Amino acid sequence: MSDFYKKILDNNKQWVEQSLALDPNYFEHLAQGQTPPLLWIGCSDSRVPANEIIGAKPGEVFVHRNIANMVVHSDMNMLSVLDYAVSVLKVKHVIVCGHYGCGGIKAAMGNQSIGLIDNWIRHIKDVYRLHHTYLDSIINEEDRFNAFVELNVKEQVYDLAKTSIVQEAWKKGQNVTLHGWVYGLNSGYVTDLNVNISSEKDLDLVYQLKF
Ligand code: CO
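Below or above, wherever it landed, is the structure these notes cover. Fair warning: this is a prediction, and the values are worked out from it, not measured in the lab.

**Focus: the packing of helix α4 (residues 76–88) against helix α9 (residues 164–171)**
Remark: α4 packs on α9, axes separated minimally by 9 Å, with the N-to-C direction vectors making an angle of 15 degrees. It follows that α4 is roughly parallel to α9 by the angle criterion. Every pair of crossing elements has a handedness; the one defined by α4 and α9 is right-handed. Between α4 and α9, the residues in contact are Leu-79, Leu-82, Asp-83, Val-86 and Ser-87 and Ile-165, Val-166 and Ala-169, respectively. Among the residues making up the contact of α4 with α9, the classes are represented as 6 nonpolar, 1 polar and 1 charged.

This is the structure in structure tokens:
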């Protein structure tokens, strides 16, 4: 067994011991159920761990991660997580958190084929196409990359609002707000993009559902 593999098993034992030293009932309490106030939709990138960034303890954040924090409206995995979080757990906030330096976004800006993932990346390219006039006007590549990361987060927040799951919750008077953040790999800080959506009125009419 590799040293790393052995180390993570040892780490787990240490973590259990430390947690129990602080609170002997810690795991018994956690096992009784969860009522997290937040659903986090983030990138799979190993450098953007949801709980650590926001100082959330086990039980405080429901998490879905995929390449480039996408909200693809035919993705049963994402829809199932969203439905459970909103309809059953009744989370108050859903945060889409992108990050600067995102490999998925970088790939979507280029033309190199990288295999099966090309088909996932196409969803990101659709965002570029939607904003190509603005993005193509940014000459500096780094600036264009950063702007694309931010625009992609905003579009995913709108895509959440377009789902029947979120709109039905709003219709029932449930208090759930959608937010867009970008995490800085270099700094550790998140930037709130201030796309705080809590009503279908923020959507183009064609996306507003009647129940
Ligand atoms: Co990423």
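There's plenty left to go through after this.
**Focus: the pattern of salt bridges**
As enumerated under the stated definition, the model contains 5 salt bridges in all. Of the charged contacts, one joins Lys-6 and Asp-10 as a salt bridge, the two residues approaching to 3.3 Å between their closest N and O atoms. Of this pair, Lys-6 and Asp-10 both sit in helix α1 (residues 3–22), 4 residues apart, which is roughly one turn of the helix. Relative accessible area serves as the criterion here: at 46%, Lys-6 is assigned to the partly exposed category. Under the relative-accessibility criterion, Asp-10 is labelled partly exposed at 32%. A salt bridge links Glu-141 to Lys-106; its shortest N-O distance comes to 3.5 Å. Here Lys-106 lies in helix α5 (residues 103–109) and Glu-141 lies in helix α8 (residues 141–162), a separation of 35 residues in the sequence.

Rules behind the numbers
- Residues numbered from 1 in each chain as written.
- Predicted model: local features only at pLDDT ≥ 70, side-chain atom pairs only at ≥ 80, totals over all residues.
- Heavy atoms only, no water.
- Axes fitted to C-alpha atoms, helices over the stretch in contact; angles between N-to-C directions.
- Helix = DSSP H or I, 4+ residues; strand = E, 2+ residues; numbered from the N terminus.
- Parallel < 35°, antiparallel > 145°, perpendicular 65-115°, else oblique.
- Left-handed = near helix turned anticlockwise from the far one by under 90°.
- Contact = heavy atoms within 4.5 Å.
- Nonpolar A, V, L, I, M, F, W, Y, C, P; charged D, E, K, R; others polar.
- Salt bridge = Lys/Arg side-chain N within 4 Å of Asp/Glu carboxyl O.
- Buried < 20%, exposed > 50% of the residue type's maximum accessible area, 1.4 Å probe, protein only.

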